Amino acid sequence: MSDTSTSSAETTHGNQVAGGAASASGPYAIVEVSGQQFWLEPGRYYDIDRLDLNEDATLAIENVLLVRSANGAEVGRPYVEAARVNLKVLAHRRGPKLIVYKMRRKKKTRSKNGHRQALTRVQVESITIAGQVIT
């Protein structure tokens, strides 16, 4: 009996690891923005590299690599045709400070620099395929 309970616990743990950090129960889309790929879910907000848009502006992303809905997943080659993700710009922010320290030993050469990435916080308003909003 203890073996079956252990194996079911291991299976559950394995599914959590294999599923990734995002929840796979609802609809989502994987899009390409600013040279990076993001897993986007409706109603959530994300920080992406700074966009040259005003706050409360909307952005339509057509570089959609994958869309998952209740009907199943649709994979693009390379992009899903007629798929669009609508984003709303919430704010412009700066990321956490990173310290860059370089030292050449025995040469008395040291440099210390800080960096904060410029980010834009966006909220996913909707994910659409051929004009239909997926839920």
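Residues numbered from 1 in each chain as written. Predicted model: local features only at pLDDT ≥ 70, side-chain atom pairs only at ≥ 80, totals over all residues. Heavy atoms only, no water.

## A few points about the side chain of serine 69
For step 1, the next point in the chain: The residue serine 69 is located in strand 5 (residues 64-69) in this model.
For step 2, the next point in the chain: Those residues in contact with serine 69 that lie beyond four places of it in its chain are Pro27 and Ile134. (Helix = DSSP H or I, 4+ residues; strand = E, 2+ residues; numbered from the N terminus. Contact = heavy atoms within 4.5 Å.)

## Quick notes on a nonpolar patch on the surface
For step 1, the next point in the chain: A surface patch of nonpolar side chains, about 330 Å² in accessible area, is lined by Ile99, Tyr101 and Met103.
For step 2, the next point in the chain: Along the chain, isoleucine 99 falls in strand 8 (residues 98-104).
For step 3, the next point in the chain: By relative accessible area, which is 53% here, isoleucine 99 ends up exposed. (Patch = residues over 30% accessible without salt bridge, like charges linked within 9 Å, V, L, I, M, F, W, Y side chains within 5 Å. Areas by Shrake-Rupley, 256 points an atom, 1.4 Å probe, with all protein chains shown as cover. Salt bridge = Lys/Arg side-chain N within 4 Å of Asp/Glu carboxyl O. Buried < 20%, exposed > 50% of the residue type's maximum accessible area, 1.4 Å probe, protein only.)

## Section: the nonpolar core
Grouped burial of nonpolar side chains is what soluble globular proteins tend to show.
For step 1, the next point in the chain: The biggest cluster of nonpolar side chains holds 21 residues, and the ones touching the most others in it are Val31, Leu40, Val67 and Val85.
For step 2, the next point in the chain: Of all the secondary structure elements, the ones that give two or more residues to this core are strand 1 (28-33), strand 2 (36-40), strand 3 (45-49), strand 5, strand 7 (83-94) and strand 10 (118-129).
For step 3, the next point in the chain: In this view, leucine 40 contacts Tyr28, Ala29, Val31, Tyr46, Val85, Leu87, Val124 and Ile127; residues no more than four positions away in its chain are not counted. (Core = buried A, V, L, I, M, F, W, Y, C linked by side-chain atoms within 4.5 Å.)

## Some points on the pairing of strand 8
For step 1, the next point in the chain: With seven bridges joining them, strand 8 and strand 9 (residues 109-115) adopt antiparallel strand pairing. Its bridge partner lying in strand 9, arginine 104 is registered against threonine 109.
For step 2, the next point in the chain: Where strand 8 folds back on strand 9, the antiparallel hairpin that results is connected by four residues, among which lysine 106 adopts a positive phi of roughly 65°. (Pairing = 2+ DSSP bridges.)

## Structural notes on the sheet that holds strand 1
For step 1, the next point in the chain: Ordered by their spatial adjacency, four strands build an open sheet running 2-1-5-6, and the pairing between neighbours is antiparallel. Where the open sheet ends on each side, the last strands, each with one partner, are strand 2 and strand 6 (72-75). Within this sheet the neighbouring strands show an average axis-to-axis angle of 15°, counted without direction.
For step 2, the next point in the chain: One ladder, built from five bridges, connects strand 1 with strand 2; its direction is antiparallel. (Axes fitted to C-alpha atoms, helices over the stretch in contact; angles between N-to-C directions.)

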